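Structure at a glance
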Amino acid sequence: TANPSASVVFPDGFRAQAQPCRGEPANGRCPASGAVVSPTEGQVWILVTFEAVKTGDLIAVSGTGADGRGIGDASWPATGNGSGYSYFAFALPGLQPGEYQVEVTRNGQHAATTIFRVEG
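Described in the following lines is the structure provided in the data block. Please read all numbers here as calculations on a predicted model, not as lab measurements. (Residues numbered from 1 in each chain as written. Predicted model: local features only at pLDDT ≥ 70, side-chain atom pairs only at ≥ 80, totals over all residues. Heavy atoms only, no water.)

1. As for the layout of surface pockets
Cut-off, in case you're wondering: Only protein atoms enter the 1 Å grid, on which a cavity is a set of points fitting a 1.4 Å probe that cannot get out and a pocket is an open set with protein on both sides within 12 Å along at least 5 of 7 lines, lining residues being those with an atom within 4 Å of a point. Grid points are joined across faces, edges and corners, and a volume is the space filled by probe spheres set on the points. In this description a helix means any DSSP run of H or I spanning at least four residues, a strand means any run of E spanning at least two, and both kinds are numbered starting from the N terminus. All amino acids are sorted into three groups, where Ala, Val, Leu, Ile, Met, Phe, Trp, Tyr, Cys and Pro are nonpolar, Asp, Glu, Lys and Arg are charged, and the leftover types, Gly among them, are polar.
Of the volumes computed, that of the largest pocket is approximately 180 Å³. For the largest pocket, the lining is made up of 13 residues, of which Gly65, Asp67, Arg69, Gln96 and Tyr100 are closest to its centre. Only strand S5 (70-77) and strand S7 (98-106) provide two or more residues apiece to the lining of the largest pocket. Per-class residue counts for the lining of the largest pocket are five nonpolar, five polar and three charged.

Here it is as structure tokens:
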């Protein structure tokens with residue numbers, strides 16, 4: 001699987017990691033690394049795992065290309081306290097070859113970053 005990103009540890013213990021996956025994540029794991037993908041694969045999944053989340057925390061995922069253009073985003077409020085995971089898919093058709101960055105935030109503050117590369 002892809003190596004998870006380094007993450008920021010918040011003063012209250014919250015931390016998140018993100019990693020690109022080929023295929024839909026299950027049980028908090030990637031079925032295969034999505035660090036390098038082809039546009040013909042359809043989508044790349046971003047698995048976000050977190051610790052010390054609190055009910056109501058807003059977790060967001062946002063992707064950008066090397067040119068700074070956004071490729072999509074999503075957000076969801078935490079519905080419980082503790083550890084867990086969620087995931088989001090970015091559509092690959094139409095993305096140009098190159099590197100894409102994905103940022104995870106908690107309540108608007110940077111929590112983690114990961115990258116994936118589209119090869120054509």
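2. Digging into the pairing of strand S1 (residues 15-21)
Our working definition: Burial here depends on accessible area, computed with a 1.4 Å probe over protein chains only, as a share of the maximum for the residue type. Under 20% is buried, over 50% is exposed, and the range in between is partly exposed. What makes two strands pair is DSSP finding at least two bridges between them.
For S1, the tally of buried residues reaches five of seven residues, placing the bulk of the element in the interior. In terms of strand pairing, S1 meets strand S3 (residues 43-53) through seven bridges, oriented antiparallel. Directly across from alanine 16, in S3, lies its bridge partner phenylalanine 50.

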